[in-house]
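Chain residues, written in single-letter form:
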Amino acid sequence: MRIDLDAVRVVRDSWSVSATGTFTEGIHLISGDVGSGKTTLARVIAGLSPPTSGAIRREDITHPMISFQFPEHHVTGSTVSEECSSWGLDPTVILKQASLQEKAGLSPLRLSRGELKRLHLACVLSQEYDLLVLDEPFSSLDCKEKARACTTISGRARGITIIFTHEQSQFPRVDMLWEIVDGSLHCRGNLPDALRTWEHAPEIVRALIRRGKEPANLTRQDIREAACRT
Ligand SMILES: Nc1ncnc2c1ncn2[C@@H]1O[C@H](COP(=O)(O)OP(=O)(O)OP(=O)(O)O)[C@@H](O)[C@H]1O
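Remember, it's a predicted structure, so these values are computed and weren't measured experimentally. (Residues numbered from 1 in each chain as written. Predicted model: local features only at pLDDT ≥ 70, side-chain atom pairs only at ≥ 80, totals over all residues. Heavy atoms only, no water.)

*Asks:* So what about the site of the ligand? Which residues, and what values?
*Replies:* Taken together, Arg12, Trp15, Asp33, Val34, Gly35, Ser36, Gly37, Lys38, Thr39, Thr40, Gln69 and His166 make up all the residues around the ligand. Lys38 places a side-chain nitrogen or oxygen 2.7 Å from an oxygen atom of the ligand. Protein coverage of the free-state accessible area of the ligand, which is 640 Å², stands at 55%. The leading source of residues in the shell around the ligand is helix H1 (residues 38-46), at three residues. Residues belonging to the shell around the ligand are distributed by class as follows: two nonpolar, seven polar and three charged. (Near = heavy atom within 4 Å. Polar contact = N/O pair within 3.5 Å; in protein donor to acceptor, adjacent residues only side chain to side chain. Areas by Shrake-Rupley, 256 points an atom, 1.4 Å probe, with all protein chains shown as cover. Helix = DSSP H or I, 4+ residues; strand = E, 2+ residues; numbered from the N terminus. Nonpolar A, V, L, I, M, F, W, Y, C, P; charged D, E, K, R; others polar.)

*Asks:* Summarise the pattern of salt bridges; cite the residues concerned and give the values.
*Replies:* When the charged atoms of two side chains with opposite charge come close together, those side chains can pair. Going through the model one piece at a time under the given rule, you end up with 15 salt bridges. Taking the shortest distance from any N to any O, the salt bridge between Arg173 and Asp175 comes out at 3.1 Å. Taken together, the shared-partner salt bridges in this structure form one network comprising Glu128, Asp130 and Arg158. (Salt bridge = Lys/Arg side-chain N within 4 Å of Asp/Glu carboxyl O.)

*Asks:* Lay out the packing of aromatic side chains with the relevant residues and their values.
*Replies:* Taken as a whole and assessed by the stated rule, the structure comprises two aromatic pairs. Centre to centre, the rings of Phe23 and Trp178 are 4.3 Å apart; their planes meet at 20°, and the pair counts as stacked. Residue Phe23 is found in strand E2 (residues 15-24), and its partner Trp178 is found in strand E8 (residues 176-181); the two are separated by 155 residues along the sequence. Classification of Trp178 by relative accessible area gives buried; the value is 2%. Ring centres of Phe171 and Trp198 lie 5.7 Å apart, and the angle between their planes is 70°; on these two criteria the pair is classed as edge-to-face. Residue Phe171 is located in the loop between strand E7 (160-165) and E8, and its partner Trp198 is located in the loop between strand E9 (184-190) and helix H6 (203-210); the two are separated by 27 residues in the primary sequence. (Phe/Tyr/Trp six-rings, centres within 6.5 Å; stacked < 30°, edge-to-face > 60°. Buried < 20%, exposed > 50% of the residue type's maximum accessible area, 1.4 Å probe, protein only.)

Written out as structure tokens, the structure is:
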């Protein structure tokens with residue numbers, strides 16, 4: 001399984017984003033500022049939008065999925081329960097997982113944005129995909145739910161998972177770090193080495209590196225272990 005981006009470029013008026021690189025199996029984190037082109041690239045990689053120029057090659061990707069930043073863009077069921085079924089899932093299991101048992105009969109659009117995101121993530125993360133593109137999976141979630149989503153994503157054993165985010169507080173285990181800087185996608189490499197050149201590194205990561213306590217990875221446990229290292 002792999003995806004090759006060969007001089008991919010999306011141009012809109014005076015704005016553009018360019019990307020060259022290869023994504024293989026594992027968890028890829030792509031950070032970038034607001035408006036840097038995360039959603040644009042996410043859609044191109046998932047095959048939803050064509051680039052203005054360049055080529056994308058997908059090898060052994062037969063079962064792709066994109067999770068949009070705004071969970072309402074996924075809604076097809078008229079009730080929360082039907083929404084789970086529309087993903088081919090057992091509503092009882094998903095509603096328990098998302099702590100939404102009491103809301104089974106409501107329209108999904110009557111859930112709060114955070115509740116709907118929780119429901120959406122419970123549906124999308126309970127399935128296997130060759131390629132899973134997650135656009136801002138942590139937006140609208142509170143700390144507890146972000147932690148839960150990170151644990152689930154960290155446990156993904158197969159396939160290519162690509163997370164686009166400007167999140168600064170919580171992360172899953174990451175295999176390969178990328179970032180969009182000045183209109184281009186840059187590969188910073190594998191962790192932990194990539195942390196040293198990561199321009200979007202959260203302050204806690206920068207502070208740990210300055211003190212010579214580089215975390216092994218980005219999970220809360222990795223950060224805690226590095227901080228407590230003597
Ligand atoms: N459909 C569109 N038509 C024209 N311009 C667009 C369209 N969608 C996005 N843009 C522009 O493209 C640029 C990149 O947008 P994009 O949504 O990819 O950024 P982003 O990094 O995902 O932002 P955010 O962090 O806010 O989600 C922005 O300047 C935006 O205004």
